Amino acid sequence: MSKLLKKPFLLLIAVFMLVIMAACSKDSSGGSSGSSSDGSKSGSSKDEKVEIRFAWWGDTSRNEVYNGIVDRFEEEHPNITVKREFGGWDEYWDKLATQIAGGNAPDVVSMHQFYVSDYARRNALYNLNQLVDSQNINLSDFPESAVDSGKVDGNIFMVAQGLTMPGYAFNTAVFDELGIDYPEFDWTWEDMAEKAAELKQAIGDEKKWGLVDSSGAYNNIFRYFTRQRGKDLFTEDGKVGYDKEDVVAWWSMWDDLRKKDLIPDAATGNEFANAPLEANMFVTGVTAIGQFPANQINLYQEQFDNGEIQMVRIPTMAGAPNGEYIEGAYLSIAEKSKHPEEAAMFIDFFINSERAVELFKVQQGPPAGTKMSTLVMDLIDPAEARAVEFIQKTVPLGRPAPYAPAGNNEVVQAFEDNAEAIAYGQKTVEQAAEDFMKQAESILQ
């Protein structure tokens, strides 16, 4: 990456600090139930053999990166064996919910803003305050905002790996071949519908479409939509933050696109629902426009021989507020972990070791630590540089957002179920919106 981008990247960190500081609590008190005064439930000598489990979501490429990081950790800590568990996004969260309910969650779990408050408030995550205070997990190089972004009710429950922002993506070679102009960075929802129609006509294949179906994307894309309408998914006290009319407007837009055959039908969507990255609709050419976080640009680029994977922001509303908010990926320790000290050693290695960052690069966004974020700038390729540039461009547009409350997982499932019912013609938009609002308000009462 050009050295000219290093200064803007530091500005990115500064913006990240300001935005998150406005949204997060400053209270750092509290300790995990069952933890000892040194922040651990159990420890081991350097010679004692210990096995911990680490779980993450991702595709084949991420699995290779994370396995490489684990291998390097085990080289430096030969007494610690790390059992690896991974799966796709949906599969990961379904499995984690089952494991936590059964009391057998992995020691180190990948965490996200969508889920952290739910798990933390259910006492499923280990309070990291003392492990951070003792520098078992050393966050002294982290901006205060990055530390605060991992807090729930003033206590640290997760540690930031990287910063990212979502968007809609396309391959320039596909658009060039079709003779279609690229989407504008600041496109609107109306622009998106027009581009989908233009692409569908140019493609001329009944089994291919211009745009992916995001009608069930509650936590990210629908959230942008509600924020653009001056609301959010949640209120500060954890209640539903939008109205039925917002849900109707959202699903009506996607239902109209589906009826015009501008997005995949329900059966096709279901066929690709759990496909890995290398076999999803965007990579296989079923859709010309895909949707994913910017940190995955390089992963998608690897799947194409021609063209560049470019990204534009989530569509906007003319004259409306921005929908953007800061997003990232995190690591947590399960509350029932028998080896929190070793789990902390692994997290510390992951975020602070040059040997780890050499592999991680911008796998889930640029590293949160100042030293590591500077180091990575000399390691990334052009596709990864485009990811950083997109993040730099969109982060200043972000506004603070409340964390998802306990019960959010159930709300997400209800949203997806009702979106699918509309797609299959089992419910009208009005009926699905009515049913969903009753479910959501009951869950978050």
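Residues numbered from 1 in each chain as written. Predicted model: local features only at pLDDT ≥ 70, side-chain atom pairs only at ≥ 80, totals over all residues. Heavy atoms only, no water.

Attention shifts here to the overall build of the protein chain. Helix and strand content of the protein chain: 18 helices and 11 strands. Looking at the 445 residues of the protein chain, the share that counts as buried comes to 56%. Sequence separation of 24 or more characterises 77% of the internal contacts of the protein chain that already satisfy a separation of 6 or more. (Helix = DSSP H or I, 4+ residues; strand = E, 2+ residues; numbered from the N terminus. Buried < 20%, exposed > 50% of the residue type's maximum accessible area, 1.4 Å probe, protein only. Contact = heavy atoms within 4.5 Å.)

Before going further, it helps to spend a moment on helix α3 (residues 89-102). Taking 1.5 Å of rise per residue, the 14 residues of α3 would be expected to cover 20 Å, and the 20 Å separating its terminal C-alpha atoms lies within 8% of that figure. Its buried side turned inward, α3 meets β1 (50-57), β2 (80-87), β3 (108-111) and α4 (116-121). Looking at the residues trailing α3, positive phi occurs at G103, about 75°. (Expected span 1.5 Å × (residues − 1).)

Turning next to the packing of helix α8 (residues 189-203) against helix α10 (residues 244-259). Following both chains from N to C, one finds α8 and α10 inclined at 15°, their axes separated by 11 Å at the closest point. The pairing of α8 with α10 is recorded here as roughly parallel in orientation. Where α8 crosses over α10, the handedness of that crossing is right-handed. Between α8 and α10, the contacting residues are W189, M192 and A193 on the first element and W250, M253, W254 and L257 on the second. Looking at the contact of α8 with α10 residue by residue, the classes come out as seven nonpolar, no polar and no charged. (Axes fitted to C-alpha atoms, helices over the stretch in contact; angles between N-to-C directions. Parallel < 35°, antiparallel > 145°, perpendicular 65-115°, else oblique. Left-handed = near helix turned anticlockwise from the far one by under 90°. Nonpolar A, V, L, I, M, F, W, Y, C, P; charged D, E, K, R; others polar.)

Moving on to the sheet that holds β2. The mixed open sheet is built from five strands, whose spatial order is β2-β1-β3-β11-β6. If you trace the sheet from one side to the other, it starts and ends with β2 and β6 (159-164), each paired once. Adjacent strand axes in the sheet meet at a mean angle of 20° when their direction is disregarded. With two bridges connecting them, β1 and β3 associate as parallel partners. Its bridge partner lying in β3, F54 is registered against V108. (Pairing = 2+ DSSP bridges.)

This next bit is on the environment of Q303. Along the polypeptide, Q303 turns up in the loop between α12 (297-301) and β10 (309-312). In this structure the C-alpha to C-alpha distance between Q303 and E278, which are 25 residues apart in sequence, comes to 6.6 Å. Residues in contact with Q303, not counting those within four places in the same chain, are L277, E278 and V283.

Let us now look at the nonpolar core. Formed by 130 residues in total, the largest nonpolar core has its most connected members in M111, Y168, Y242, W251 and F436. Contact partners of W251, with chain neighbours within four places excluded, come to S215, F415, N418, A419, I422, V429, A432, A433 and F436. (Core = buried A, V, L, I, M, F, W, Y, C linked by side-chain atoms within 4.5 Å.)

On to the pattern of salt bridges. Inspection of the entire model under this criterion finds 30 salt bridges. For D186, the salt bridge goes to R313, with nearest N and O atoms at 2.8 Å. Placement of D186 in the loop between α7 (172-178) and α8 and of R313 in the loop between β10 and β11 (327-333) is noted, with a sequence separation of 127 residues between them. A residue is classified by how much of its surface remains accessible, and R313, at 5% relative accessible area, is buried. Taking the shortest distance from any N to any O, the salt bridge between E434 and K244 comes out at 2.8 Å. Placement of the pair is E434 in helix α18 (residues 429-443) and K244 in helix α10, with a sequence separation of 190 residues. The exposure class of K244 is partly exposed, given its relative accessible area of 24%. Through salt bridges that share partners, R229, K231, D243, E245 and D246 make up one connected network. (Salt bridge = Lys/Arg side-chain N within 4 Å of Asp/Glu carboxyl O.)

What follows concerns the side chain of S61. With respect to the helices and strands, the residue S61 is situated in helix α2 (residues 60-76). Taking the relative accessible area as the measure of exposure, S61 reaches 16% and is therefore buried. When sequence neighbours within four positions are dropped, the list of residues in contact with S61 reads L299 and E302.

On to the pairing of β1. Most of β1 is tucked away: seven of the eight residues are buried. One ladder, built from eight bridges, connects β1 with β2; its direction is parallel. Looking at β2, one finds that R53 is bridged to K83. Read from β1 through α2 to β2, the crossover connection turns out right-handed. (Right-handed = clockwise from strand over helix to strand, strands pointing away.)

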